[in-house]
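# What the coordinates show
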Amino acid sequence: MFLSVISEISTTSWILSFLAAFVIGLSKAGIKGIAIINVTFMAIAFEAKQSTGIVLPLLVVADIFAVIYYNRHTQWKYVAKFLPWMILGIILGSWIGMDLPEQTFKIGMAIIIFLVLAIIVWWDQKKVNNVPTHWAFASGVGTLAGFTTMVGNLAGPISNIYFLAMRLPKNQFIGTAAWLFLIINVFKLPFHFFLWNTISAETLLLDLKLIPGIILGFVLGIKLVKMINEEFFRKMILVLTALGAIIILFK
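Since the structure is predicted, the reported quantities are computational estimates derived from the model, not experimental observations.

Two quantities define a packed helix pair, namely the angle between the axes and the distance from one axis to the other. It is at 8 Å that the axes of helix 1 (residues 11-29) and helix 2 (residues 35-45) come closest, and there the two elements cross at 165 degrees. Taken as axis vectors, helix 1 and helix 2 run roughly antiparallel relative to one another. As for the relative orientation of helix 1 and helix 2, their crossing is left-handed in sense. Residues Ser-13, Leu-16, Ser-17, Leu-19, Ala-20, Val-23, Ile-24 and Ser-27 of helix 1 form the contact with helix 2, whose participating residues are Ala-35, Ile-37, Asn-38, Phe-41, Met-42, Ile-44 and Ala-45. A class-by-class count of the residues in the contact of helix 1 with helix 2 yields eleven nonpolar, four polar and no charged.

Right, dumping it as structure tokens:
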């Protein structure tokens, strides 16, 4: 295992790991679109694939915080529409994700994000208030989100697109995403334990030491979300999601 002794981790890796945990806390508190930053920090600190096993338990912890705080705002009908397709995407990702060329994956994902974001911006400019109701929208976006979350914990930009298209208010957006990702991230754990072998006692010990970073980020994130109005929140998610796609493409 790449983390044989915790004490052997460099100071730089500890700093990057703590910053990643802090960003996870911010993201789960409602500052959506920045989760790609924690994925990048962890990939720099450790091997790209192995870092996914470090990040996942941290995401579960942060999801629990988010569910406790935003539970009353959850819109279960959107969870029910999106969840089955994400599960399908995870299964596909666990099967073919390891053999997919990384550059092909990154280019394809970035193109899809930009195309759908362009459609959402067009909807906003044209004052189109209708939301996509055809099953193909939820199934396509959901399967892609599941695939990307299995391959690299990168479902954030894709799921943001779905909730933006549904025009959920700020707190409903955060609360619904909180439950969705808690369920999905718990579902992913056995794949990392038994199939990819990216989670071990050593990685869990590292995660335990990083929980204070999540708490700091979550507390600050809650304060920031309260200061953000609905219109700015939507624009912020659009911009941060686009930036996330750029980072995915060039990292």
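A few words now on the nonpolar core. Met-86, Tyr-162, Phe-163 and Leu-180 are the most contacted members of the largest nonpolar core, which totals 48 residues. Every element with two or more residues in this core is listed here: helix 1, helix 3 (48-70), helix 4 (76-96), helix 6 (135-152), helix 7 (155-165), helix 8 (170-195), helix 9 (201-227) and helix 10 (230-250). Beyond its immediate sequence surroundings of up to four residues, Phe-163 is in contact with Tyr-78, Leu-168, Phe-173, Thr-176, Ala-177 and Leu-180. One finds Ala-20, Met-42, Leu-59 and Leu-206 within the second-largest nonpolar core, a separate group that totals 16 residues.

End to end, helix 8 covers 37 Å across 26 residues, agreeing with the expected 38 Å (1.5 Å per residue, within 8%). Once helix 8 ends, the next one or two residues include Asn-197, with phi positive near 55 degrees.

Attention now goes to unusual backbone geometry. Positive phi values are uncommon outside glycine, yet Arg-167 reaches one of about 55 degrees. When you line up the elements, Arg-167 lands in the loop between helix 7 and helix 8. A residue is classified by how much of its surface remains accessible, and Arg-167, at 28% relative accessible area, is partly exposed.

Calculation criteria
Residues numbered from 1 in each chain as written. Predicted model: local features only at pLDDT ≥ 70, side-chain atom pairs only at ≥ 80, totals over all residues. Heavy atoms only, no water. Axes fitted to C-alpha atoms, helices over the stretch in contact; angles between N-to-C directions. Helix = DSSP H or I, 4+ residues; strand = E, 2+ residues; numbered from the N terminus. Parallel < 35°, antiparallel > 145°, perpendicular 65-115°, else oblique. Left-handed = near helix turned anticlockwise from the far one by under 90°. Contact = heavy atoms within 4.5 Å. Nonpolar A, V, L, I, M, F, W, Y, C, P; charged D, E, K, R; others polar. Core = buried A, V, L, I, M, F, W, Y, C linked by side-chain atoms within 4.5 Å. Buried < 20%, exposed > 50% of the residue type's maximum accessible area, 1.4 Å probe, protein only. Expected span 1.5 Å × (residues − 1).

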